[in-house]
Each structure stands twice: as structure tokens, then as C-alpha cells.
Amino acid sequence: MPFFIEVILPLALPKPFTYSVTQAEYAFLKPGMRVAVPFGRNKIYTGLVIALHENPPQLYEAREIHQILDDDPLVTAIQLSHWQWVANYYMCSIGEVYRSAMPSGFLLESETIITQHKDFNSETGDLTDDEYLVYEALQKQSALKVQEVAAILNKKTILPVINRLITKNAVMLQEEMSEKYKPKSIRYIRLPEEFMREEQLSELIEVLSRAQKQREAVMQYFQLQASEKKPVTAKKLNDAGINSTIIKSLVDKGIFEEYYIDEDRVKFEGNDDAGFGLSPKQKEAFDEIKTSFEQKDVTLLHGITSSGKTEIYIKLIEEYINSGQQVLYLLPEIALTTQLVVRLTAYFGNQVAVFHSKYSNNERVEVWNQVLSASEKAKVVIGARSALFLPYQHLGLIIIDEEHEPTFKQQDPAPRYHARDAAIVLANAHKAKVLLGSATPAIETYYNASGGKYGYVELKERYGNVMPPEILLIDLKDKYKRKQMTGHFSDMMIEAITETLANGKQVILFQNRRGYSPWVECLTCGHVPQCPQCDVSLTYYKYKNQLRCHYCGHHIAKPTHCHQCQSPDLDTKGFGTEQIELELKTLFPDKHSWRMDQDTTRGKHGYEKIIDSFKNREIDILVGTQMLAKGLHFDNVALVGILNADNMLYQPDFRAFERAYQMMVQVAGRAGRKDQRGKVLIQTYNPLHNIIRQVTDNDYEGMYKEQLYERHNFKYPPFFRLVRVTLRHKDYEKVKDAAIWLFNVLSQQLGVTVLGPEEPGINRIRNEYIRTIMIKIPQGAALGGTKKAIERILASFDAVPQYRAVRVTLNADPY
Ligand code: ADP
Ligand code: ZN
Ligand code: ZN
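Residues numbered from 1 in each chain as written. Chains lettered and ligands numbered in written order. Predicted model: local features only at pLDDT ≥ 70, side-chain atom pairs only at ≥ 80, totals over all residues. Heavy atoms only, no water.

Description of the overall build of the protein chain
Then comes step 1: Along its length, the protein chain carries 28 helices and 37 strands.
Then comes step 2: By the compact-globule yardstick of 28 Å for 815 residues, the protein chain fits well, its C-alpha radius of gyration being 29 Å.
Then comes step 3: C-alpha atoms of the protein chain, sized along the principal axes, occupy 95 × 70 × 65 Å.
Then comes step 4: By the burial criterion, 54% of the 815 residues in the protein chain qualify as buried.
Then comes step 5: Intrachain contacts of the protein chain at a sequence separation of at least 6 include 74% that bridge at least 24 residues.
Then comes step 6: As displayed, the protein chain offers around 36700 Å² of accessible surface, 49% of which is attributable to carbon and sulfur atoms.
Then comes step 7: Of the side-chain charges in the protein chain, 99 are positive and 100 negative, and the distance between the mean point of each set is 4 Å. (Helix = DSSP H or I, 4+ residues; strand = E, 2+ residues; numbered from the N terminus. Rg over C-alpha atoms; globule rule 2.2 N^0.38 Å. Buried < 20%, exposed > 50% of the residue type's maximum accessible area, 1.4 Å probe, protein only. Contact = heavy atoms within 4.5 Å. Areas by Shrake-Rupley, 256 points an atom, 1.4 Å probe, with all protein chains shown as cover. Lys, Arg positive; Asp, Glu negative; His and termini not counted. Charge placed at Lys NZ, Arg CZ, Asp CG, Glu CD.)

This is the structure:
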């Protein structure tokens, strides 16, 4: 009697494959275990067993597996059915979900490249003979393909050897060489031993008597040390009024010493933030959430910015882990994890694990194993969207913070899933609860809450009862007419910044464009330099004296003459963060301004470094793009300025208004936290625009009603589900014909609204022309059936020979 297993491969294949196994293997294997299998001519992949049976495949001869890689399942039954749901709903193959769900350390294949691990010591490393041979080969040759290891060991079954070498930290996979997570360091200041003795100290004070400020700094240091009886951070000194320049000059003189301690070590020294209780309003919301969970599996916590949602999450998490359950805390942005990890570990110690793509493979493999074994070390998992795919055992609660954030939706590659929506499905499988938190809920979420599908809890007060920021509008048309503008700053904006800085407070300025100016124009003939590969104008970067494409990275030196007519009169149009930063240097020459956007945060910890220096008050004015709107907390910001609200409003997207509202309210929320009411200034040409009015009136409800009405009229979510079909090809005519063919078949066969084929606003990227088709599936229509029909039609499209080279992607619930 032959024995077979169904195996999924980490590839975009429509179906699992059948392999044959021996009776002994059949008895040993369980779904969720990995097997190394041959595929194609001579490739090996790490496959995942999903079923065992005795039916030979009809269309091909089943091949034998190379070997079994696990003793126990690595993937749970719930995961497998959740992945299948993701594949069906988001219209991709389960192999693609598998590939994106597993840390690549679990997915060795013949092409995987391994390298030596720098820190490995072969003397103490304790390797077996096979392992040593691989290790030795890596001494001579810096990298090896898994396939080559087979030759070195002269056998087929090599994945276990490599797996063990990875576990022993002897080798690593190439892609992670530069990726190693480091906890953030905190900067401390101390006096060297020698000054701590009485006579030296008085001598020091004496010496400094002519440098008043420095002397004051030293005295202040002593006071802090005496009163707090613990190491003094640079920030504490800053807070006490000693600025960074003075600290630096004392360090240069050798009077102060600076040293760093990793943040996650600091917090175990007994953090005094850890033990607070909830305010009465927070307590009320907390109780309401619990009551709501008795009836509803999903509850929306609609709490204004700075209402203290995180504190409520913490108390809730505590109850779930005390009852032995696991908690998943999803964040929209990796860069936010540091702040949160600090807060959660202060409370829960090392029961908190972090999982995201910036972590090395080893670290991700470790967290995977901890979650799978329900270890104490991973009671709470914090992560960006991929943490959804971990092997939870007793998941009790999922928190989705800033649930409205578009980054929860994965765009590319497949699976193009929305982590919030997929989390709700996962929670359902675990009978777990979901708490969605936001100050500006997504329209869909609020709709579900108003209709009673989700529970709803509101928190309308800032923590400490601080007033929400005062929001003022500045009419740009009027300001330009009256000549009250300096560069892109109105007189009111400049005054407010001046005043804020004079009070020792910091400023955040928001401009949702990078670079110096989004395009350059010839004053003589009107020519605008375009990217040769994409249908966009090139953005001007002044520092680099370059024109760059934001879609493909193409760049050229800034031309001195028009390429079209040779005229030297080139003008810059529009403005981005770089231009604002330069204007600030002229307007406030003795203040420190800095920029936070994709260009300055590129390095691994670029983002955190900027946030740190801003927190430490080394930066007075921070200019940035929407990165600034993402739930960061700064205590000392009293003013937020939005330099141009208009370009957010006019985006060709049905969510543009909702987004603009969310973005403005979120940035505004950075102003005035903790103790003082903040101020927000919005410069706009459209002070009467409904969205702007709703922002200034803090009128979420008004925004929601209006947008919902529009969504209803124009057939958008939550009333219709969208599936976007995108076609790409280098040949303009071919993609056009293909799109018409596909559109015709879809509209004839689906029985729902099909729109297009459309040339999108940017119709060519990296030399590929683009066409899109939008399918609108009404509520009540068979969603699953329609999606299946779409996939069938695509299969017949693929069979048309002249369209075979056209790339088609599907995006369900596109964002
Ligand atoms: P948001 O609702 O915007 O997520 P946070 O949870 O970050 O707000 O809280 C805003 C600020 O108020 C933080 O600095 C936080 O430490 C402080 N805070 C909130 N609740 C409490 C509390 N119960 N005790 C002490 N500080 C609190
Ligand atoms: Zn010209
Ligand atoms: Zn380009």
C-alpha cells in the first residue's frame, strides 16, 4: 500500500503537491511538519505537510521526499486554516502565505546562501563531523549555496545539518548579514571617580567659576544625583535646563563622562513609570471594554490622542496573561516598537517578545519557537503585521493600535492582506477578543461599530484632563495677497514658532512631500524633466543637487539648462521637506532644525536616532512627512504646524478625504501632551473645505457621515468590496489590448460592476505600462463565489498565448 503526503511549497503554485513516503515516515509525520522535497529538475525546497493519505496523484508520478525536518509540528492546525483563509480571501496561493509567514531560517532551499557567523568560536562551538566540514569549507570560501553543501558532505540529506549550524550560531543566511537588532541605548552622564572626592570637587567648582553655565551644570548634576539616588541621564539634565551644548563642552573637557546603557537593561532596575493606576475615565473605559467583550468579539476603543489608550491596553493585557493566555499587540510601524517595548517590559518584564522583519532570522526563529511552546518569554508578542502568522497556542487577545493606519495592508508581494481584518479572523479561530484602538477610526471600522457588529467604547478626555490642542487656520490666498509670507511661512506661523521656542518648547512642522521641490520647470518653454522609465516628474533634491524619481530611484545631476530648449531659466515648483528645512535655517539661524522623512531615516536606526535627539531636545524644530503622524509621544511639543493642507485633499483616491482627516488630526495630536494645551496652525488655500472644518472642529462624526454618504453613492467600501486587477507589460499596445480583453470577459461573466480598464494617474513605472480594472462586489453578493470566478477568468486569460507575458496581480480590498 503506497503512502502519500500533501505538501505546500513556498512558491506561487495553485495547488499543494503530492509526495510519496514510506510507511514509517507516514506513521511519524503529522500536518505542520516540514519536509525537504525535490522540485523541478534539481531543486530542493522546504515544504510543509498539510495532509496524509493513500491516494496517488492522477496527473503525475509522486516523487519521494528527501527527508523529514521536524520531530513535532512547527505549524498548528489553526495556522494552516488561517493561511488558507488568507489565500482565498486575498486571492493568492497558500504557498505565498507560507513563504511570507515563516522566518526564512525555516525555509532553506537549494538556492539559499549561507555564510559564516562572525561571532562563532569553533573551539567552544561543539560541532559534529558533518557540521565541522561545512564550517571548514566556509573558512576557505565566504559563502555557500545549500546545494554546494550537498556536494561537500556527499549526501542528499543536508538541511538538518544546516539547521543545526544555524541553531548553534555557526552560520547564518546571507540576507540577514547586516540585520541585527540592537536595543536602543540611553545616554548617561557622570563625573569621573576622581572628582567625587571632596577637595577635587571644590577645586573643580573653583576652576569653573569663570564658566558660569558649566559650573551650574555640574551643580545641577550633583543635585539630581542626591535627590534621585540613581544614575543621571542626559535627558534629566536637559529637563533641568542644562542644554546639550554645555554638556558636550564639559564632556570635551573631560569633566563629564558620557556612557550608554541599553534600554532593555535599564528598565529592570525598577522603573517608576510601571506602577501607576488608571485615571477614573480610563478605568471607566476599561470596564466598558470588558463588558463589551461579554457580548462582542471585536471592540473599538475610540480614544482621542493622548487619552492614554496604551495604559488601558496594558491593564487588559495583564488580565489575559494572568489567566494563562497569549496576547498579540499589533503596531502599524516597526519604528514605534522601541517606545512600546520599553513601556510594556517595564510592566511585564521579560514576558514580552518582539517580532518583525528587522529582526534577524535567528531572533525570529527564536520567537516562533517560544510562541509555539507557549513559553513564559512570549506571553505578549509585539509586532508589525507579520506577527499575525506566529504559531499561537492560547491566544486570548489581539490589540490593534492605530487600526486606521494604511500600513496594516501589505501591498507587495502577495499575500496582499490587511492585518487588521486577518487578525479578526484569526481571533475568531482562537475564540479570542480583538481590541481596535484609534483616535481616528477607519470608516469601515466605525461603520461596523455603529451597526453593532463591533462593540464601541469612547474616551473623550486627554489624560490629566489636558485640553485638546487649539487649531487655527491660516488662509494662504489672503496671506500671499497681503504679502505676509516669507518663503512658505506665514507671519502667524513664524510668530507662533518664535514664541514657542522662546518658551523652551519644541515645534513639529508637517509637509507631506519629500525633497526640495516635486518638479522643475523651464521658464522659457515649460518643459518639466521626467523619469525616462516612469510616468512622473523628477523631484529636485538640493543637497545632492539631483533630480530623482520616487518610483524607481533613477537620478541625474540637476541640469543647468533646459534639455528641450537650452534655456538656463529653470524654476522649482511646489515644495517639500528639504526646502522647509532650508527656509528654517534662514528664519531661525540659531535654532536646530531637522528633517524626518524617508530620506533621513534610511539607515537601520535612522528613525530612532532622530526621535531620540528630538526627545533629548537636541532638535528644536522637526520637519517631517506623515511619518510624524504615527503615534509618537513627545512631551515638550507645544506647536504643530501644517504647512500646506491642500495637497492631501486632492489625491485621486476614494479614501483621500478620510486619510487627510486622519493625518491632520494625528499630527495635531502631537501638540501639547501631558501638562499643557498645545496649538496647531494649518496653512491652506481652502479654509472652508469640509475636511479642514471637520479637523478644526474635531468633528469625527461629521467627517464620517459625509464620507459614508459619498461611499454609498459611489459604490465604495463598506457598501461594496473592491478587487483591483492590475496589468503590467513593457509594450503599451499589448497591455492595452490585454486589459480590454480581460475587462470584457469580467464584465460579461461576473454579474457585478466592473470598471475600467483605466490608465492610472501614473501609467508607467520602471518601463512597464499599467492598466487597472476595478471590480465592485455589493454587500450581499456571493463574495467567495465572485472571487473564484475572477480566478477562473484569469486562468483562461493566462491561456491566451499573446497575453502570456502580461503580468496580472489581484488586490482584494485595495488600499
Ligand atoms: P494615546 O491615547 O495617544 O495612545 P498614551 O497612552 O500614549 O496616549 O498616553 C499619553 C500620555 O499620558 C503618555 O505620556 C502616558 O504616559 C500618559 N498617561 C496616560 N495614562 C496615564 C496614567 N494612568 N498614569 C500616568 N500617565 C499616564
Ligand atoms: Zn525649455
Ligand atoms: Zn522612475
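Brief notes about the pairing of strand S14 (residues 326–330)
Then comes step 1: Within S14, five of the five residues are buried, leaving the element largely enclosed by the surrounding structure.
Then comes step 2: Neither face of S14 is open: one carries Gln-326, Leu-328 and Leu-330, the other Val-327 and Tyr-329, and all of them are buried.
Then comes step 3: Two elements, S14 and strand S16 (residues 380–383), share four bridges in a ladder whose sense is parallel. Along S16, the bridge assignment pairs Val-327 with Val-380. (Pairing = 2+ DSSP bridges.)

Things to note about the site of ligand 1
Then comes step 1: The full set close to ligand 1 counts 17 residues, and Gly-277, Gln-282, Ser-306, Thr-310 and His-633 are the nearest of them.
Then comes step 2: A distance of 2.9 Å separates an oxygen atom of ligand 1 from a polar side-chain atom of Thr-310.
Then comes step 3: Between an oxygen atom of ligand 1 and a side-chain N or O atom of Arg-343, the distance comes to 3.3 Å.
Then comes step 4: Here ligand 1 loses 88% of its free accessible area of 560 Å² to cover by the protein chains.
Then comes step 5: It is helix H14 (residues 309–322) that contributes the most residues to the shell around ligand 1, three residues altogether.
Then comes step 6: Its residues assigned to classes, the shell around ligand 1 shows four nonpolar, nine polar and four charged. (Near = heavy atom within 4 Å. Polar contact = N/O pair within 3.5 Å; in protein donor to acceptor, adjacent residues only side chain to side chain. Nonpolar A, V, L, I, M, F, W, Y, C, P; charged D, E, K, R; others polar.)

Structural notes on the coordination of the zinc ion (ligand 3)
Then comes step 1: Each protein donor to the zinc ion (ligand 3) is listed here as Cys-531 (SG), Cys-534 (SG), Cys-549 (SG) and Cys-552 (SG); together their distances run 2.2 to 2.4 Å.
Then comes step 2: For the zinc ion (ligand 3), the four donor atoms are set out with angles of 104 to 113° between them, so the coordination reads as tetrahedral. (Donors = N, O, S within 2.8 Å, 3.2 Å for Na, K, Ca; no water. Tetrahedral: all angles 85-135°; square planar, octahedral: opposite > 155°, others 65-115°.)

With respect to the packing of aromatic side chains
Two aromatic rings, taken as a pair, are described by how far apart their centres are and by the angle between their planes.
Then comes step 1: Under the counting rule described, the total for this entry stands at 29 aromatic pairs.
Then comes step 2: Here Trp-85 and Tyr-90 contribute two aromatic rings whose centre-to-centre distance is 5.8 Å and whose plane-to-plane angle is 85°, an arrangement assigned as edge-to-face.
Then comes step 3: Classification of Trp-85 by relative accessible area gives partly exposed; the value is 25%.
Then comes step 4: On the basis of relative accessible area, Tyr-90 is assigned to the buried category, the value being 1%. (Phe/Tyr/Trp six-rings, centres within 6.5 Å; stacked < 30°, edge-to-face > 60°.)

A closer look at the sheet that holds strand S27 (residues 555–557)
Then comes step 1: One open sheet accounts for three strands, arranged S25-S26-S27; its pairing is antiparallel. Every interior strand has two partners, whereas the edge strands, strand S25 (539–541) and S27, have only one. Between one strand axis and the next, the sheet turns by 25° as a mean value, whatever way the strands run. (Axes fitted to C-alpha atoms, helices over the stretch in contact; angles between N-to-C directions.)

Structural notes on the packing of helix H8 (residues 198–207) against helix H9 (residues 212–228)
Then comes step 1: Here H8 crosses H9 at 145°, and the two axes come no closer than 9 Å. Crossing of H8 over H9 shows left-handed handedness. Between H8 and H9, the contacting residues are Leu-201, Leu-204 and Ile-205 on the first element and Arg-215, Val-218, Met-219 and Phe-222 on the second.
Then comes step 2: Split by residue class, the contact of H8 with H9 holds six nonpolar, no polar and one charged. (Left-handed = near helix turned anticlockwise from the far one by under 90°.)

A closer look at the UniProt feature "domain: Helicase ATP-binding" (unreviewed entry) in the protein chain
Then comes step 1: UniProt tags residues 290–459 as "domain: Helicase ATP-binding" (unreviewed entry).
Then comes step 2: When the span residues 290–459 is considered, its composition is 38% helix and 22% strand, and the gap between its end C-alpha atoms is 14 Å. (UniProt positions renumbered as here; feature names shortened; annotations may be inferred.)

Let's talk about helix H28 (residues 783–798)
Then comes step 1: Here H28 spans 23 Å end to end across 16 residues, near enough to the 22 Å set by a 1.5 Å rise per residue.
Then comes step 2: Residues of H28 that are buried sit in contact with helix H2 (77–89), strand S33 (720–729), helix H27 (732–750), strand S36 (768–778) and strand S37 (807–812). (Expected span 1.5 Å × (residues − 1).)

What to know about the pairing of strand S31 (residues 637–642)
Then comes step 1: Most of S31 is tucked away: six of the six residues are buried.
Then comes step 2: Bridging between strand S23 (residues 506–510) and S31 involves five bridges; their strand directions are parallel. Counterpart to Ile-508 in the pairing with S31 is Val-640.
Then comes step 3: Inspection of the sheet shows S31 paired to strand S32 (residues 679–684) by four bridges, in the parallel sense. Pairing of Ile-642 across the sheet is with Ile-682, part of S32.

Remarks on the pattern of salt bridges
Then comes step 1: All told, the structure shown has 29 salt bridges when counted by the stated rule.
Then comes step 2: With a closest N to O distance of 3.0 Å, Arg-190 and Glu-257 form a salt bridge. Here Arg-190, found in strand S10 (residues 185–190), pairs with Glu-257, found in strand S12 (residues 257–262); they are 67 residues apart in sequence, far enough to count as distant.
Then comes step 3: You can call Arg-190 partly exposed: its relative accessible area is 34%.
Then comes step 4: Overall, the relative accessible area of 32% leaves Glu-257 in the partly exposed class.
Then comes step 5: The partner of Arg-482 in a salt bridge is Asp-478, with the nearest N and O atoms 2.9 Å apart.
Then comes step 6: In this structure Arg-482 comes out as exposed when scored by relative accessible area, which is 54%.
Then comes step 7: Asp-478 gets classed as partly exposed once you look at its relative accessible area, which sits at 23%.
Then comes step 8: Counted as one network, the salt bridges with shared partners bring together Glu-444, Arg-655, Glu-658 and Arg-711. (Salt bridge = Lys/Arg side-chain N within 4 Å of Asp/Glu carboxyl O.)

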